[in-house]
Amino acid sequence: MLKTRFTELFGVRHPIVQGGMQWVGRAELTSAVANAGALGFLTALTQPTPDDLVKEIARCREMTDQPFGVNLTILPTLKPVPYEDYIDAALSAGITIMETAGNSPKAFMPKLKAAGVRLIHKCTSVRHGISAEKLGVDCVSMDGFECAGHPGEDDIGNLVLLPAAADAIKIPMIASGGFADGRGLVAALALGCEGINMGTRFMATREAPIHDAVKQRLVDGSERDTSLILRTLHNTARVYGNSVAKKAIAMERAGETIETIGPVVSGRRGKTVYETGDLEAGIWSAGTSMGLIRDVPTCAELVARIVAEAEEIMKRRFGGMTLAAS
Ligand SMILES: Cc1cc2nc3c(=O)[nH]c(=O)nc-3n(C[C@H](O)[C@H](O)[C@H](O)COP(=O)(O)O)c2cc1C
């Protein structure tokens, strides 16, 4: 067992998190992660309405009695999102663990604190981590340039980002972006983190509620198969490098704006990919950790394997080094 400040704070067995994932973070996956002893997050905005989120939380509780949370992603959208209503829905359903991402959760802090929520906020830079700590969040999830989804605009990889953040932030921090195995977990601990957050690796699990063709593509793909889109709009996203991503990048280079690029990169089209397995139907998120994914295990197998590998490295490899030196 790897006990850290993170496992203590959130009451989970293993220092591993399944971060929010649009269209993927549903009850099937989150409950399987929870049953595996890690911390899973339902993705609030995958549910069409706050009422649907309440139902999804209930569905998740039918499948697990272990702790899990709700992710709320606060990003620029074409249509306004009733964030507060989603928070109220989660709280009314008894949720006490949340993950926020995108913009600052400042406006919601009084409500979340009053409800006793333990909050993880995802950041992509040291300065945002420091701000989150000042705001009173309980844990920072630091997303490096490797990550699927939104890596920010600074392009700093985790080998520098994580220790730089660890020097500046006192509250527990977890490492996110590029993690897929026990080696990554040990590295994260060495770099000053209390655990890891994974997205792409959890997509390629048996319980992830997405088409098998997507999972197989993650197995077959390499670390070179992602693209960065929306750079020109300062809303960079790392996605699978398919023809739609390439088209969006070409449109950006041609100076087109969100009005014409928006429909190409729409989330609705991405949803079709997960439902039908048509990998070219739209953009879909994937990180460079694709290069480390070689199978589609259950969440229980994956979490147990990562923890066992991490323990093995610490005991046999590092333990052996200490002995050799003394
Ligand atoms: C398919 C997919 C969808 C994602 N959607 C969201 C989201 O809606 N909100 C969010 O905060 N992060 C989202 N992420 C980011 C993950 O929570 C996580 O930070 C990221 O995947 C970590 O990098 P990794 O993929 O290398 O493990 C998504 C990631 C993936 C793979």
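If you're wondering where the values come from, they're calculated on a predicted model, not measured in any experiment.

(A) Structural context of the overall build of the protein chain. If you tally the helices and strands in the protein chain, you get 14 helices and 10 strands. For 326 residues, the compact-globule estimate of 2.2 N^0.38 gives 20 Å, and the protein chain sits close to it at 19 Å. For the C-alpha atoms alone, the extent of the protein chain along its principal axes is close to 65 × 45 × 40 Å. Each of the 326 residues in the protein chain was classed as buried or not, and the buried ones make up 53%. In the protein chain, the proportion of contacts linking residues at least 24 apart, taken out of those at least 6 apart, comes to 62%.

(B) Expanded view of helix H2 (residues 27-35). Counting buried positions along H2 gives seven out of nine residues, so the element sits mostly inside the fold. Those residues of H2 that fall on the buried side of the exposure criterion are Ala27, Leu29, Thr30, Ser31, Ala32, Val33 and Ala34. The positive-phi residue at the C-terminal boundary of H2 is glycine 37, with phi of around 90°.

(C) Fine view of the pattern of salt bridges. For the coordinates displayed, the defined rule picks out 18 salt bridges. We note a salt bridge from glutamate 153 to arginine 231, for which the minimum N-O separation is 3.8 Å. Here glutamate 153 is found in the loop between strand S6 (139-143) and helix H7 (158-168), whereas its partner arginine 231 is found in the loop between strand S9 (226-229) and strand S10 (237-240), with 78 residues between them in sequence. Residue arginine 231 is classed as partly exposed on the basis of its relative accessible area of 26%. In this structure, a network of salt bridges that share partners links the residues Glu28, Glu56 and Arg59.

(D) Local environment of the packing of helix H6 (residues 126-135) against H7. One way to put it is that H6 packs onto H7 with a least axis distance of 9 Å and a crossing angle of 35°. For the element pair H6 and H7, the recorded crossing hand is right-handed. Judged by residue contacts, Val126, Ile130 and Glu133 of H6 engage Leu161, Ala164, Ala165 and Ala168 from H7. Taken together, the residues that form the contact of H6 with H7 break down as six nonpolar, no polar and one charged.

(E) Expanded view of the site of the ligand. Within the structure, the ligand sits among 24 residues, and Gly20, Thr73, Lys122, Gly178 and Thr200 are positioned closest to it. Take glycine 20: an N or O atom from its main chain is 2.7 Å from an oxygen atom of the ligand. If the ligand stood free it would expose 600 Å²; the protein chains cover 94% of that surface. Those elements giving two or more residues to the shell around the ligand turn out to be strand S3 (69-74), strand S8 (196-198) and helix H9 (200-203). By residue class, the composition of the shell around the ligand is eight nonpolar, 14 polar and two charged.

(F) Structural detail: the packing of aromatic side chains. Under the criterion given, the structure shown has two aromatic pairs. Note on phenylalanine 6 and phenylalanine 10: the rings are 4.9 Å apart at their centroids and 35° apart in plane angle, and the pair reads as tilted. Of this pair, phenylalanine 6 and phenylalanine 10 both sit in helix H1 (residues 5-10), four residues apart, roughly one helical turn. Using a relative accessible area of 0% as the deciding quantity, one classes phenylalanine 6 as buried. The buried category is assigned to phenylalanine 10, whose relative accessible area is 1%. The lysine or arginine in question, arginine 238, covers the ring of phenylalanine 145, its NZ or CZ lying 4.8 Å from the ring centre.

Conventions we followed
Residues numbered from 1 in each chain as written. Predicted model: local features only at pLDDT ≥ 70, side-chain atom pairs only at ≥ 80, totals over all residues. Heavy atoms only, no water. Helix = DSSP H or I, 4+ residues; strand = E, 2+ residues; numbered from the N terminus. Rg over C-alpha atoms; globule rule 2.2 N^0.38 Å. Buried < 20%, exposed > 50% of the residue type's maximum accessible area, 1.4 Å probe, protein only. Contact = heavy atoms within 4.5 Å. Salt bridge = Lys/Arg side-chain N within 4 Å of Asp/Glu carboxyl O. Axes fitted to C-alpha atoms, helices over the stretch in contact; angles between N-to-C directions. Left-handed = near helix turned anticlockwise from the far one by under 90°. Nonpolar A, V, L, I, M, F, W, Y, C, P; charged D, E, K, R; others polar. Near = heavy atom within 4 Å. Polar contact = N/O pair within 3.5 Å; in protein donor to acceptor, adjacent residues only side chain to side chain. Areas by Shrake-Rupley, 256 points an atom, 1.4 Å probe, with all protein chains shown as cover. Phe/Tyr/Trp six-rings, centres within 6.5 Å; stacked < 30°, edge-to-face > 60°. Lys NZ or Arg CZ within 6 Å of the ring centre and 35° of its normal.

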